[in-house]
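Here is what each chain is made of, one letter per residue.
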Amino acid sequence: MSSKECIAMLLAGGQGSRLQALTRNIAKPAVSFGGKYRIIDFALSNCMNSGIDTVGVLTQYRPYLLHSYIGTGEAWNLDERDGGVSILPPYATETGGSWYAGTADAIYQNIGYIESYSPKYVVILSGDHLYRMDYAKMVESHKTNNADLTISVMPVEWAEASRFGIITKNDDDSVAKFTEKPKQPDSNLASMGIYVFSTDVLLKSLKEDALDPTSEHDFGKNIIPKLLEEQRRIYCYEFRGFWRDVGTIASYHETSMDLLGDNPEFDLFAKDFPIMTNAPVRPPHYIGPDAHVEDSIVANGCHVNGTVRHSILSTDARVGARAIVEDSVLLPGAVVKDGAHVARAILGERSVVEAGVELGSVDVTKDTAVIGDEVVVGKGEE
């Protein structure tokens, strides 16, 4: 197996419990988003567009759909014979086997995969964020600074800073301090959980961390603070594009709505940096003669006979006659039957809202309504 200058390790094992019904049966990176995509499409597409052709995808929680969806990686041009995409679930060894104990432990358990390619650099990514990023520029910054570790950061609202790992940097962009979710942050530069490591530093750190019984085996809580103590060369790379962690129902709904309008904050249609997907090939959508659709994304395979306003209809969704869907997201195969009214809701895959049912509310002070996969909502159940 030939050596690679840079490979990526994509952490995609998260449960995403705050997404409630949407992740009851699948991992967060496998959740449908934007009509025809799944959340993991964004990181995999970033790898393709950045020229990284070797990606290890670390899976854990309910991985079956994710495994079948990624397949050979052909959809993202990641099906190289010498590289491509590899699924890396937890596995048993002669000393036993267990789930990954933390982000660092997940990478540690797959050191053999990294060593098989002898890369100079390893990019570590999360599979559950929405963004476009050219990792090649970050790797170039890492080289220029002769860094041991480069952390991608972006400014966040000061009121939100305590939710993140916060970087305090020096004038030369070197990292002076890293604080995990500080109560009183002294910076608003948040770590995006995207790292470029020089491989020798990464492997040494992981091996030492694995032997520490007090460690939580986490990059933010353990690996980075220890490297700072050792006065390693750690730099930050500032990113100013669109980046969202859709970790809650509210953020998932808000980010979905941000895709709409003439000038969306995140443009799914950008041709210079395409988002690729392994969604099934479906026929074009059908809009009936009495249907009305405005300011919406309607994916292939949809049938619309009612009214759809400011909503996202994923592949094979159906809206019946006289039905109204507004400010909502219908995941693949969701059905809203004749005369139903769905407002500010997220309908899971293959779920059904029966005829005449009213679900959700346009009142923004109320929580977004969420229906799980294959759930049927009839009268009296809303």
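All values reported here derive from a predicted model rather than from experimental measurement.

Reading the values: the criteria
Residues numbered from 1 in each chain as written. Predicted model: local features only at pLDDT ≥ 70, side-chain atom pairs only at ≥ 80, totals over all residues. Heavy atoms only, no water. Helix = DSSP H or I, 4+ residues; strand = E, 2+ residues; numbered from the N terminus. Rg over C-alpha atoms; globule rule 2.2 N^0.38 Å. Contact = heavy atoms within 4.5 Å. Areas by Shrake-Rupley, 256 points an atom, 1.4 Å probe, with all protein chains shown as cover. Lys, Arg positive; Asp, Glu negative; His and termini not counted. Charge placed at Lys NZ, Arg CZ, Asp CG, Glu CD. pLDDT = per-residue confidence, 0-100. Buried < 20%, exposed > 50% of the residue type's maximum accessible area, 1.4 Å probe, protein only. Phe/Tyr/Trp six-rings, centres within 6.5 Å; stacked < 30°, edge-to-face > 60°. Lys NZ or Arg CZ within 6 Å of the ring centre and 35° of its normal. Core = buried A, V, L, I, M, F, W, Y, C linked by side-chain atoms within 4.5 Å. Pairing = 2+ DSSP bridges. Axes fitted to C-alpha atoms, helices over the stretch in contact; angles between N-to-C directions. Polar contact = N/O pair within 3.5 Å; in protein donor to acceptor, adjacent residues only side chain to side chain. Left-handed = near helix turned anticlockwise from the far one by under 90°. Salt bridge = Lys/Arg side-chain N within 4 Å of Asp/Glu carboxyl O.

Student: Please explain the overall build of the chain as it appears in this structure.
Tutor: Counting its secondary structure elements, the chain contains eight helices and 29 strands. Compactness check: the chain gives a C-alpha radius of gyration of 22 Å against a globular reference of 21 Å for 382 residues, within 12% of the reference. Restricting to contacts in the chain with at least 6 residues of sequence separation, those with at least 24 account for 58%. Surface exposure of the chain reaches about 17200 Å², of which carbon and sulfur atoms provide 46%. The positive charge centre, built from 35 side chains, and the negative charge centre, built from 53, are 1 Å apart in the chain.

Student: Looking at this model, I keep getting lost on the confidence of the model for the chain. Mind explaining?
Tutor: Fine structural detail should not be taken from predicted coordinates in areas where pLDDT scores are low. Chain-level pLDDT for the chain is 91 on average; 95% of the residues reach the 70-or-more range. Taken as a whole, residues 92-96 scores under 50 in pLDDT and shows two contacts with residues more than four places along the chain or in a different chain.

Student: Would you explain unusual backbone geometry in this entry?
Tutor: Only a minority of non-glycine residues have a phi that is not negative, and only a minority of peptide bonds are not trans. Unlike most non-glycine residues, Asp173 shows phi in positive territory, near 70°. Among the structural elements, Asp173 can be located in the loop between β9 (165-169) and β10 (175-180). Take Asp173: its relative accessible area is 30%, and that puts it in the partly exposed class. Positive phi outside glycine occurs at Asp316, with the angle close to 70°. Mapped onto the elements, Asp316 comes out in the loop between β19 (312-313) and β20 (318-319). By relative accessible area, which is 26% here, Asp316 ends up partly exposed.

Student: How do you make sense of the packing of aromatic side chains when you look at a structure like this?
Tutor: A ring pair, where both rings are aromatic, is described by two values, the distance of the centres and the angle of the planes. As enumerated under the stated definition, the model contains 12 aromatic pairs in all. Ring centres 5.7 Å apart and planes at 65° place the aromatic pair Tyr69 and Trp76 in the edge-to-face group. This pair shows no difference in class: Tyr69 is buried, exactly as Trp76 is. A cation sits over an aromatic face here: Arg38 above Tyr69, 5.6 Å from the ring centre.

Student: Please explain the nonpolar core as it appears in this structure.
Tutor: One recurring pattern in soluble globular proteins: nonpolar side chains tend to sit buried together. Counting residues in hydrophobic clusters, the biggest one holds 63 residues, and the most contacted among them are Ile40, Leu44, Val55, Val57, Leu125, Tyr135 and Tyr252. Here this core takes five residues from helix α1 (residues 40-49), the largest share from any one element. If we skip the residues at most four places from it in the chain, Tyr135 touches Ala43, Asn46, Cys47, Ser50, Ile52, Leu125 and Ile194. Of all hydrophobic cores here, the second largest spans 34 residues; its members include Leu11, Ile151, Tyr195 and Ile223.

Student: Got a minute to help me understand the sheet that holds strand β21 (residues 324-326) in this structure?
Tutor: Consider a sheet: its strands pair through backbone hydrogen bonds, and that pairing is either parallel or antiparallel. Strand order in the open sheet made by the five strands is β15-β18-β21-β24-β27, with parallel pairing throughout. Every interior strand has two partners, whereas the edge strands, β15 (292-294) and β27 (358-360), have only one. The average angle at which neighbouring strand axes cross in this sheet is 5°, direction not considered. As paired strands, strand β18 (residues 307-309) and β21 are joined by three bridges and run parallel to one another. Residue pairing in the sheet places Val308 in a bridge with Val325 of β21.

Student: Can you walk me through the environment of Gly247 in this structure?
Tutor: Residue position: Gly247 is located in the loop between β13 (243-245) and α8 (249-257). Taking C-alpha positions, Gly247 is 29 Å from Cys6, a pair spaced 241 residues apart along the chain. In this structure Gly247 touches Arg18, Leu19 and Lys28, once residues within four positions along its chain are discounted.

Student: In this structure, what is going on with the side chain of Thr368? I would like to understand it.
Tutor: Inspection of the secondary structure assignment puts Thr368 in the loop between β27 and β28 (369-371). Polar contacts involving the side chain of Thr368 include one to the side chain of Arg344, which spans 3.5 Å. What Thr368 contacts, discounting residues up to four positions off in sequence, is Ile249, His253, Arg344, Ala345 and Ile346.

Student: Looking at this model, I keep getting lost on the pairing of strand β1 (residues 6-11). Mind explaining?
Tutor: Remember that side chains alternate between the two faces of the sheet whenever the strand is regular. For β1, the buried fraction is high: six of the six residues fall into the buried class. By the alternation rule, side chains of β1 split into Cys6, Ala8 and Leu10 and Ile7, Met9 and Leu11, which are all buried. Here β1 pairs with strand β6 (residues 121-126) via six bridges, running parallel. Within the sheet, the bridge partner assigned to Met9 lies in β6 and is Ile124. In this structure, β1 lies alongside strand β4 (residues 54-58), joined through four bridges in parallel fashion. Within β4, the residue paired with Leu11 across the bridge is Leu58.

Student: Looking at this structure, how should I read helix α7 (residues 219-229)?
Tutor: Turn by turn, an α-helix covers 3.6 residues, leaving residues three or four places apart pointing in a common direction. The set of residues buried in α7 consists of Phe219, Gly220, Asn222, Ile223, Ile224 and Leu227. Measuring from the backbone nitrogen of Gly220 back to the side-chain oxygen at the start of α7 gives 2.9 Å, which picks out Asp218 as the cap. At the C-terminal side of α7, Gln231 shows a positive phi close to 60°.

Student: Explain the packing of helix α6 (residues 199-210) against α7 to me, please; I cannot follow it from the model alone.
Tutor: Packed helices, taken two at a time, are described by the angle their axes make and the gap between the axes. Orientation of α6 relative to α7, taken along the N-to-C sense of each, is 115°, at an axis distance of 11 Å. Read as a crossing pair, α6 and α7 show a hand that is right-handed. Of α7, the residues touching α6 (which contributes Val201, Leu202, Ser205, Leu206, Glu208 and Asp209) are Phe219, Asn222, Ile223, Lys226 and Leu227.

Student: What should I look at first to understand the pattern of salt bridges in this one?
Tutor: Proximity of charged atoms lets side chains of opposite charge pair with each other. All chains considered together, the criterion is met by 23 salt bridges. In this structure, Lys221 engages Glu216 in a salt bridge whose closest nitrogen and oxygen atoms are separated by 3.2 Å. The class for Lys221 is partly exposed, based on a relative accessible area of 44%. In this structure, a network of salt bridges that share partners links the residues Lys204, Glu208, Lys226, Glu230 and Arg232.

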